[in-house]
Amino acid sequence: MLRLPTLRPWGRLPAGGWGSRLPKHSNAERARWGAVMRMVGRRLMAAVPILAAVTFGVFAVAAASPFDPVQQYAGAAGLSASQETLDQLRSNLDVDGPFTQRWWDWLTGALSGDLGDSTSLRQPVSQVIGERLGWSVLLCAVGFAFAVLVGTALGVAAARRKGGLLDRTVTSLAYTLEAAPPFWIGLLGIWLFAVRFDVLPAGGLTDSGSDIVTAGALLRHLALPALVLGLSQVPWFLLYVRQGVADALEEDAVRGARARGLAERTVLLQHALRSGLLPLLTLVGSRVPELITGALLVETVFSWPGIASVTVKAATATDFPLLAALTTLATVAVLGGNLLSDLLYGLADPRVALEEM
Amino acid sequence: MSAVLKGGPTLRAGRGRRLRVRASAAVLVAVLAAVLLVPLLFPLDEQAVDMANKLHAPSAAHPFGTDDVGRDVLLRCVYGLRVSLLVGVVAALAATVIGTAVGAAAGAAGGRTDRMVMRVVDVFSSVPHLLLGIFIVAMFRPGVWPVVASVGLTHWLSTARIVRAEMLSLRSRDFVDAAVSGGASRWRVAVRHLLPGVLPQAGLAAVLMVPHAIWHESALSFLGLGLPTHRASLGNMIQSARGTLLAGDWWPTLFPGLFLIIPTLAIASLAGVWRERINPRRRSELML
């Protein structure tokens, strides 16, 4: 079926959402979904060698480093222990073979859910991750939602009159914020809200003296870390929205809407924002690395009990099994985000040739 | 961080732009003068403590106040910036050398080598920079070199992509065809004809990498995984000021952060002008 380019590619979207301009259950729509699924399959296949390479690299770096898990396990006793005891320990810890062997054992174990034991927390790695993953996802989701809302609002406001006072202020602020380290912003936030005004807690998940997470306490403890993580993501989002909407305002479709006498508000929100936001939505998934970077810093500043703060703790304690699993998990998250981007892109814009992705 | 590090906003022509370029240049000159001259004029003993003067709020005698052991925060900021800049420049150079070598090899060789190198780039870009950096320092710390390696090994990707793309576009130019038909070897073409063409791009990438490297180093130092504390960088300073912050003393935290932001913005703004000069056609409002 030949699709002619229209003057308003995304000016008005159908009620059913993106990609559903085709009649429901038509052959063409079914073919489109089939193509999407094939792309997902291809991406999953491509992820396998990447994950294998990343985990292999992690084990290779560990093998090249001066770090010795046996000495770490034995501690001070390792200095006086006989070579025989150390060798025995080495084989007990399963760290005696070449690193390729250990990598392969780890990989096959990981596929059956066994990621080894954390040397610093003395519990299974899968348990460490299971207990903390939810908190990190919560923090990242709230922070990212904040960034999307604030970034969109300020980006549209700035794009309305490019080069105006508001635009210049917002843009300069965005570049400054982008250059500011999130941990520093977090500390200033603690000073302002926890020390100076004493309205929000400085960190943790529960009030002091209590171990039970209540909804109210969670909300108060979440507010500041989510705000800081969100702020660290705002500049990128804001600048992209500003650019996208400003470009869209130049499009024929939007000019046409203006010429028809539509209200400025309608033009801006219904036409320019939709058109400007579409390419952006597809980029959201590719922000996972930056989100993880932000979480590593923000969770540490606020002692948030998530997997990012435990990553830093694992690094400080040279907890290799935990670090290896968390690095792999982060890679899975990044690849998942990339896939999500492509998926949204493919579904949002029917003109994209999925076979090439 | 990426928006700033690829050169910041492209400034509109005119008075405002000239003003900003001049201000950025002035900031950079001041920063360089400070980190080079201040240690000669005002030696600071990192170990010296002066408990009688601890945690003084900013005043005329101590414009940025004093820290929890009575050292002048302004002086420590200059010393911290000196360490941060030094490590940042060395690490950025390391990243640029790796990136240029890899990108040039891929671009000049083409074919299977190129595809393989690009797969390696894909693998590296699938792990978040800071996480990979943390892993590397965790395995090799403590010390300065693990930090440099951590930045170098995680930040070469963008340079490699830029250099490769530039190489590929140069390869289709007439002078390269002329060199090949003149009987130049593959190596000679790569080194004598292609490499000089990509050097301006690589140089720009190196300059833009400096703030990125400083940012990465200060994050590692803040997390307690970076530079040893006797070589305090700005990140170490912010880390060690956490205790005093909770007691309400904000100045040992605030000023090191400003010392990180201001040179970053100055470098980004100047590099933006440089980029426009070498890529006049790729001029765009937004570089993220």
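None of these values were measured; they are calculated from a predicted model.

K.L.:
Kindly report on the overall build of chain A, identifying the contributing residues and their values.
P.N.:
Along chain A, the regular secondary structure elements total 14 helices and 0 strands. When the 357 residues of chain A are sorted by exposure, 46% land in the buried category. Once local pairs closer than 6 in sequence are excluded, the contacts in chain A between residues at least 24 apart make up 73%.

K.L.:
Could you give an account of unusual backbone geometry, with specific residues and numbers?
P.N.:
Excluding glycine, most residues fall at negative phi; most peptide bonds, likewise, are trans. All names here are of chain A. In this structure, serine 303 takes a positive phi of about 50 degrees despite not being glycine. Structurally, serine 303 is set in the loop between helix H12 (288–301) and helix H13 (307–316). The phi dihedral of threonine 318 is positive, around 45 degrees, even though this residue is not glycine. Note on placement: threonine 318 falls in the loop between H13 and helix H14 (320–348). The exposure class assigned to threonine 318 is buried, which follows from its relative accessible area of 14%.

K.L.:
Go over helix H5 (residues 99–111) of chain A, please, and point to the residues and values.
P.N.:
Residue and element names in this part refer to chain A. Between its terminal C-alpha atoms H5 stretches 18 Å, which fits the 18 Å expected from 13 residues at 1.5 Å a residue. When we look at burial in H5, the residues that qualify are Trp103, Trp106, Leu107 and Gly109. Down the axis of H5, the smallest arc covering the buried residues is 165 degrees, so these residues share one side. On its buried face, H5 sits against helix H1 (27–64) and H14. Phi turns positive, to about 90 degrees, at glycine 113, one or two residues after H5.

K.L.:
How would you explain the packing of aromatic side chains if you had to name every residue and give the values?
P.N.:
Residues and elements named next belong to chain B. Under the counting rule described, the total for this entry stands at 16 aromatic pairs over all chains. Ring centres of phenylalanine 124 and tryptophan 156 lie 5.1 Å apart, and the angle between their planes is 70 degrees; this geometry places the pair in the edge-to-face category. You can see phenylalanine 124 sitting in helix H4 (residues 111–125) and its partner tryptophan 156 sitting in the loop between helix H6 (144–154) and helix H7 (157–171), a full 32 residues away along the chain. Aromatic side chains tryptophan 250 and phenylalanine 255 sit 6.1 Å apart centroid to centroid with 50 degrees between the ring planes, which places their arrangement in the tilted category.

K.L.:
Kindly report on the UniProt feature "transmembrane region" (unreviewed entry) in chain B, identifying the contributing residues and their values.
P.N.:
Per the UniProt record, "transmembrane region" (unreviewed entry) is annotated on residues 21–42, 83–108, 120–138 and 254–274 of chain B. Helix and strand shares over residues 83–108 of chain B are 100% and 0% respectively, and the end C-alpha atoms of the span are 37 Å apart.

K.L.:
Got a sec to walk through the UniProt feature "domain: ABC transmembrane type-1" (unreviewed entry) in chain B? Specific residues and values, please.
P.N.:
Taking the numbering used here, the UniProt-annotated feature "domain: ABC transmembrane type-1" (unreviewed entry) corresponds to residues 81–271 of chain B. Between the end C-alpha atoms of residues 81–271 of chain B there is a gap of 20 Å, over a span that is 84% helix and 0% strand.

K.L.:
Would you mind going over the confidence of the model for chain A in detail, with residue names and values included?
P.N.:
Residues and elements named next belong to chain A. Residues of chain A with pLDDT of at least 70 account for 87%, and the chain-wide mean is 82. Averaged pLDDT values for the elements of chain A fall to 68 in helix H3 (residues 77–80) and rise to 93 in H12. When the criterion is pLDDT under 50, residues 1–20 qualifies, and its contacts beyond four places in sequence or with other chains add up to 33 contacts.

K.L.:
Can you lay out the environment of arginine 102 of chain A for me, pointing to particular residues and giving the numbers?
P.N.:
Following the sequence through the fold, arginine 102 of chain A ends up in helix H5. Arginine 102 of chain A sits in the partly exposed class, given a relative accessible area of 23%.

K.L.:
An account of the side chain of serine 84 of chain B is requested, with residue identities and associated values reported.
P.N.:
All names here are of chain B. If you trace the backbone, serine 84 turns up in helix H3 (residues 73–109). Residue class for serine 84 comes out buried when judged on its relative accessible area of 0%. Every residue in contact with serine 84, bar those within four places of it in the chain, is listed here: Ile214, Glu217, Ser233 and Leu234.

K.L.:
How would you sum up the interface of chain B and chain A? Please name residues and give values.
P.N.:
With 44 residues of chain B at the interface, the matching set in chain A holds 54 residues. Buried surface at the junction of chain B and chain A, summed over both partners, amounts to about 4500 Å²; 79% is from carbon and sulfur atoms. The tally of links from chain B across to chain A stands at 0 salt bridges. At the boundary of chain B with chain A, the tally comes to 5 residue pairs in polar contact (both at pLDDT 80 or more). Elements that contribute at least two residues to the side of chain B that touches chain A include exactly helix H1 (2–5), H4, helix H5 (129–140), helix H9 (186–222), helix H11 (242–246) and helix H12 (251–278) of chain B. If you tally residues by element for the side of chain B that touches chain A, the top one is H12 of chain B, at 8 residues. In terms of residue class, the side of chain B that touches chain A is built from 31 nonpolar, 9 polar and 4 charged.

K.L.:
Tell me about the packing of helix H7 (residues 165–179) of chain A against H12 of chain B, residues and numbers included.
P.N.:
At a minimum axis separation of 9 Å, H7 of chain A and H12 of chain B run at an interaxial angle of 120 degrees. Between H7 of chain A and H12 of chain B, the angle falls in the class oblique. For the pair H7 of chain A and H12 of chain B, the sense of crossing is right-handed. Contacts between H7 of chain A and H12 of chain B involve Tyr175, Thr176 and Ala179 of chain A on the former and, on the latter, Ile261, Thr264 and Leu265 of chain B. Residue composition of the contact of H7 of chain A with H12 of chain B, by class: 4 nonpolar, 2 polar and no charged.

K.L.:
Go over a nonpolar patch on the surface with me, naming the residues and quoting the values.
P.N.:
Residue and element names in this part refer to chain B. A cluster of nonpolar side chains, contributed by Leu32, Leu36, Leu37, Leu40, Leu41 and Phe42, occupies part of the molecular surface with about 670 Å² of accessible area. For leucine 37, the position within the fold is in helix H2 (residues 15–41). On the accessibility criterion, leucine 37 (45% relative accessible area) is partly exposed.

K.L.:
Break down helix H10 (residues 252–259) of chain A for me, with residues and values.
P.N.:
All names here are of chain A. Among the residues making up H10, those that are buried are Ala253, Val254 and Ala257. One side of H10 carries all its buried residues, which in axial view fall inside an arc of 95 degrees. Pointing more than 90 degrees away from the buried face of H10 are the exposed residues Asp252 and Ala259.

K.L.:
With reference to specific residues and values, describe the packing of helix H8 (residues 182–196) of chain A against H12 of chain A.
P.N.:
All names here are of chain A. At a minimum axis separation of 9 Å, H8 and H12 run at an interaxial angle of 30 degrees. With respect to their mutual orientation, H8 and H12 come out roughly parallel. Once H8 is placed against H12, the crossing between them reads as right-handed. Packed against H8, whose contacting residues are Pro182, Phe183, Gly186, Leu187 and Ile190, the element H12 presents Leu297, Val298 and Val301 at the interface. Here the contact of H8 with H12 is built from residues that sort into 7 nonpolar, 1 polar and no charged.

K.L.:
Any chance you could break down the environment of glycine 306 of chain A for me, citing the residues and the numbers?
P.N.:
Residue and element names in this part refer to chain A. With respect to the secondary-structure elements, glycine 306 resides in the loop between H12 and H13. The spatial distance from the C-alpha of glycine 306 to the C-alpha of glycine 130 is 9.9 Å, given a sequence separation of 176 residues. Discounting chain neighbours no more than four positions away, the residues touching glycine 306 are Arg132, Trp135, Ser136 and Glu299.

K.L.:
Can you explain the environment of valine 128 of chain A? Please cite residues and give values.
P.N.:
Residue and element names in this part refer to chain A. Inspection of the secondary structure assignment puts valine 128 in helix H6 (residues 125–160). Along the primary structure valine 128 and isoleucine 307 are separated by 179 residues, whereas in three dimensions their C-alpha atoms are 8.1 Å apart. Among residues more than four places away in sequence, those in contact with valine 128 are Ser118, Leu121, Gln123, Val310 and Leu322.

K.L.:
Outline the pattern of salt bridges, supporting the account with residue identities and numerical values.
P.N.:
Pairs may arise between side chains of opposite charge once their charged atoms sit close together. Residues and elements named next belong to chain B. Considering all chains together, one arrives at 8 salt bridges over all chains under this definition. Salt-bridge contacts for arginine 76 lead to aspartate 67; the nearest nitrogen and oxygen are separated by 3.1 Å. In terms of burial, arginine 76 and aspartate 67 fall into one category: buried. Between arginine 119 and aspartate 122 there is a salt bridge, and its shortest N-O distance comes to 3.1 Å.

Conventions and cut-offs
Residues numbered from 1 in each chain as written. Chains lettered and ligands numbered in written order. Predicted model: local features only at pLDDT ≥ 70, side-chain atom pairs only at ≥ 80, totals over all residues. Heavy atoms only, no water. Helix = DSSP H or I, 4+ residues; strand = E, 2+ residues; numbered from the N terminus. Buried < 20%, exposed > 50% of the residue type's maximum accessible area, 1.4 Å probe, protein only. Contact = heavy atoms within 4.5 Å. Expected span 1.5 Å × (residues − 1). Arc of directions from axis to C-beta. Phe/Tyr/Trp six-rings, centres within 6.5 Å; stacked < 30°, edge-to-face > 60°. UniProt positions renumbered as here; feature names shortened; annotations may be inferred. pLDDT = per-residue confidence, 0-100. Buried area = accessible area lost by both parts, 1.4 Å probe. Salt bridge = Lys/Arg side-chain N within 4 Å of Asp/Glu carboxyl O. Polar contact = N/O pair within 3.5 Å; in protein donor to acceptor, adjacent residues only side chain to side chain. Nonpolar A, V, L, I, M, F, W, Y, C, P; charged D, E, K, R; others polar. Axes fitted to C-alpha atoms, helices over the stretch in contact; angles between N-to-C directions. Parallel < 35°, antiparallel > 145°, perpendicular 65-115°, else oblique. Left-handed = near helix turned anticlockwise from the far one by under 90°. Patch = residues over 30% accessible without salt bridge, like charges linked within 9 Å, V, L, I, M, F, W, Y side chains within 5 Å. Areas by Shrake-Rupley, 256 points an atom, 1.4 Å probe, with all protein chains shown as cover.

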